[in-house]
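Survey of secondary and tertiary structure
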Amino acid sequence: VDAEKPTKTTKAIKKDFASAVANRRTIYALNKNITVTDDRLKEIIEFAIKWTPSSFNSQSGRAILLLGRHHTKFWNITRDTLKAMLPADKFPPTEEKMKGFSAAYGTVLFFEDQDAVKKLQEGFPAYAQAFPGFSEHSSGMLQFIVWTALEVEGLGASLQHYSPLVDEAVQKEWNVPKSWKLVSQMPFGNPVIPAGPKEFQPLADR
């Protein structure tokens, strides 16, 4: 983490659970003009890691908070990886998308520790095939908690999936343990353009 803001922790914004869930949306247009401190961001991630439910209390969720040059570095890595894979005439839209993510304030990388999953498989062989799926369920809850908590702080975010394309580079750049499986990436920042209207299927059909 490169701290670029005052370290004073801000007071949490009060909001009821239903409003927080409803207001959490995918927002792509983000910039760096946030008032939340880096310490507060770290506090949010640590809270989510601690309290997210996990199968057999395995606590397999892991996260890395990328700020400053580390945030920019990640999206440069992703851009360069995709550029090497795509035809030149197909790359410009992808490049613009990478610029948008890089314009955000920071990125949360979400991982699942496969050593924790293997430990459960060895300890409870009857459920061995199910534990990888249980791990993904737990990761989804962790991502949702972080995303919603960021919304409560007045921040916008989106959820991206560039794994496994960038896994090796991420492990090398940030010395990530090999047992950590990259699941998703969440760029976040100040919302520039709010999310549009959301359409819903009839609840009776669901």
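Just so it is clear, the model here is predicted, and its values are computed rather than measured. Throughout, a residue's number is its position along its own chain's written sequence, starting from 1. Totals for whole chains, interfaces and linings use every residue, but because this is a predicted model, local features are given only for residues with pLDDT of at least 70 and side-chain atom pairs only at 80 or more, for both listing and counting. Each side-chain value is worked out from all heavy atoms of the structure, with water and hydrogens disregarded.

**A closer look at the overall build of the protein**
The helix count covers DSSP runs of H or I at least four residues long, the strand count covers runs of E at least two residues long, and both are numbered beginning at the N terminus. In terms of regular secondary structure, the protein is built from seven helices and five strands. When the helices and strands of the protein are placed in sequence order, the string is α-β-α-β-α-α-β-α-α-β-α-β. Taken over the C-alpha trace, the protein has a radius of gyration of 18 Å; the compact-globule value for 206 residues is 17 Å, and the two agree within 12%. Each of the three principal axes of the protein carries a C-alpha extent, and together these read 50 × 45 × 45 Å. For the protein, restricting intrachain contacts to residue pairs at least 6 apart in sequence, the fraction spanning at least 24 positions comes to 86%. Each radius of gyration is computed over the set of C-alpha atoms, and the globule rule expresses the reference value as 2.2 Å times the number of residues to the power 0.38. Here a residue-residue contact requires only that any non-hydrogen atoms of the pair lie within 4.5 Å.

**Brief notes about the environment of A63**
Its location among the elements puts A63 in strand 2 (residues 61-67). Take A63: its relative accessible area is 23%, and that puts it in the partly exposed class. Taking C-alpha positions, A63 is 9.4 Å from L142, a pair spaced 79 residues apart along the chain. Once you skip the residues sitting within four places of it in the chain, A63 turns out to touch I45, I49, V108, L109 and F111. Only protein chains enter the accessibility calculation, which uses a 1.4 Å probe; a residue whose area is less than 20% of its type maximum is buried, one above 50% is exposed, and one in between is partly exposed.

**Points about empty space enclosed by the protein**
Think of a ball as big as a water molecule: rolled over the atoms, this probe shows where empty space is left. The method works on a 1 Å grid over the protein atoms by themselves. A cavity is a set of points holding a 1.4 Å probe that cannot get out, a pocket is an open set with protein on both sides within 12 Å along at least five of seven lines, and residues with an atom within 4 Å of a point line them. Grid points are joined across faces, edges and corners, and a volume is the space filled by probe spheres set on the points. Applying the stated criterion across every chain, the model contains one cavity of 30 Å³ or more. What the largest cavity holds in volume is close to 40 Å³. For the largest cavity, the full set of lining residues is S55, S58, S60, V117, L120, F131, F134, S135 and S138. Within the residue set of the lining of the largest cavity, elements represented by two or more residues are helix 5 (114-123) and helix 6 (131-152). No other element matches the four residues that helix 6 contributes to the lining of the largest cavity. Only Asp, Glu, Lys and Arg are considered charged, only Ala, Val, Leu, Ile, Met, Phe, Trp, Tyr, Cys and Pro nonpolar, and every remaining residue, Gly among them, polar. Classifying every residue of the lining of the largest cavity gives four nonpolar, five polar and no charged.

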